[in-house]
Amino acid sequence: MKNGGLISKTINTPTLTTVSSGVWSLQEQYEVRRSMPTEPISDGLSSWYDATDISTLYTDTSKTTNVTSNGDTVQLWADKSGGGYDMLGYPSAEPTYDNQTHTQACIDFDTTSWMYNTTGKVVKQLYAVVSSTSTISGVLFGYNNAYNQYVHFDTGSTVYNAAPNLDGTAGSYKSVTGYAGIPTTGVHLLVVDLVNFVRMDYTQYASSGAYSHGGGSTGTYIGRRDNSSTANLFNGKIIELIGYDRHLDSTEIENVEDYLNIKHGLGLTR
C-alpha cells in the first residue's frame, strides 16, 4: 500500500511496542528493530550469565540436573558467551534460585554465598542487572590475583569501582565521585569499566586520574573478593552479568544497555 509517498504494510505488532493502527511504514519497522536488540554485542564477549535462562542453571556441577523451583541451590551457572567459563557455587556456600522477589528470575547472594572459576580470564567491562538487599552490598564481582581485587565494592560508606591494584600497588583504590552504590529498592543496570567509570541506569560517573588496567586474572568470583578473610560477600540478587575483554565505545555501551533495559523491562530512558 502506498500512502503519502511511504510504502507500508500491515504486520503483527512487535511484542514490546504498541501501535494503535497496526500499520507500520518501512522506516518505523527499521526503527523498532534497531531499538529492540535480541542479543548483546558479540565482539569481545568474555562471559555471560543469565538467571532468566533456567537452562543455564544447575543443581549439580556435572550439568545434568537443571534448577526447577524457587529456592533451589545453584551449583553451576553456565556461561552463555560460548567460552565455557562456567561459574561454580562454592561448596556449602552456593547461592539459590529466586523467581519470587522480582518479575525477572534472579540468583540470590545473601552474604553467605559465592561462585568462582579458577581459570584465567580477562574482563575489562562488566554489565550487571542487579538489586541490593542492604546499604552495604559488598563485592559484586572479584578477581583472584596477587592482591584483593574486585569490581564494584560497596562498604556502606564508600563505593569502589574497578580493581584496587590498578597502579601495581596493593590497596590503591579508585572510587567514583558522586556515585552512591546500588539502591536498596528496585532493579538497576550497572556498568563498570576497569579504566575510569561506572554507569548506573544510563547515568555515567567518572573517576579522576584513572589508571590503565589489563583486566586479566588467574580466576574470577561472583559475589566476593579474593585473598581476604573478610571477603565482603555480596548482599543482593543478580539477574544478569555480561563481561567484555575490551573497553566498548560509547555507542556499543548504549547498545548493550538497551539490550538489557528492553529484555528486563527496566523502563529506562535516555
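Residues numbered from 1 in each chain as written. Predicted model: local features only at pLDDT ≥ 70, side-chain atom pairs only at ≥ 80, totals over all residues. Heavy atoms only, no water.

Some remarks on the confidence of the model for the protein
Here's step 1: Counting all residues, the mean pLDDT for the protein is 80, and 70% of those residues have values of 70 or more.
Here's step 2: Under a pLDDT of 50 for its full length, residues 164-172 has, in the predicted model, 23 contacts with residues more than four places off or in other chains. (pLDDT = per-residue confidence, 0-100. Contact = heavy atoms within 4.5 Å.)

A few points about the pattern of salt bridges
Here's step 1: In this structure the tally under the stated criterion is 12 salt bridges.
Here's step 2: Across the salt bridge formed by Lys-63 and Asp-86, the nearest N and O atoms sit 3.0 Å from each other. Linking Lys-63 in the loop between strand S5 (57-58) and strand S6 (76-77) with Asp-86 in the loop between S6 and strand S7 (87-89), this pair joins segments that are 23 residues apart in sequence.
Here's step 3: Here Asp-108 ties to Lys-237 by a salt bridge, and the two come within 3.2 Å at their closest N and O atoms. (Salt bridge = Lys/Arg side-chain N within 4 Å of Asp/Glu carboxyl O. Helix = DSSP H or I, 4+ residues; strand = E, 2+ residues; numbered from the N terminus.)

Thoughts on the nonpolar core
Here's step 1: Membership of the largest hydrophobic core comes to 33 residues, with the highest contact counts inside it found for Trp-77, Leu-140, Leu-190, Ile-222 and Ile-238.
Here's step 2: For this core, the secondary-structure elements that each account for two or more residues are strand S9 (106-110), strand S12 (125-132), strand S13 (138-144), strand S16 (188-193), strand S17 (197-200) and strand S21 (235-244).
Here's step 3: Sequence-distant contacts of Ile-222, that is, excluding residues within four places in its chain, are made with Tyr-49, Trp-77, Met-87, Phe-109, Trp-114, Met-115, Leu-140, Phe-141, Ile-238 and Leu-241.
Here's step 4: Within the second largest apolar cluster, 20 residues are counted, among which are Cys-106, Ile-239, Ile-253 and Leu-260. (Core = buried A, V, L, I, M, F, W, Y, C linked by side-chain atoms within 4.5 Å. Buried < 20%, exposed > 50% of the residue type's maximum accessible area, 1.4 Å probe, protein only.)

Looking at the packing of aromatic side chains
Two measures describe an aromatic ring pair: the distance that separates the ring centres and the angle between the ring planes.
Here's step 1: By the definition in use, this model includes eight aromatic pairs.
Here's step 2: Aromatic pair Trp-48 and Tyr-259: ring centres 6.5 Å apart, planes at 80°, arrangement edge-to-face. Of this pair, Trp-48 sits in strand S4 (residues 45-50) while Tyr-259 sits in helix H2 (residues 250-263), and the two are 211 residues apart along the sequence.
Here's step 3: Judged by relative accessible area, which is 10%, Trp-48 ranks as buried.
Here's step 4: Ring centres of Trp-114 and Tyr-116 lie 6.0 Å apart, and the angle between their planes is 55°; this geometry places the pair in the tilted category.
Here's step 5: With a relative accessible area of 10%, Trp-114 lands in the buried category. (Phe/Tyr/Trp six-rings, centres within 6.5 Å; stacked < 30°, edge-to-face > 60°.)

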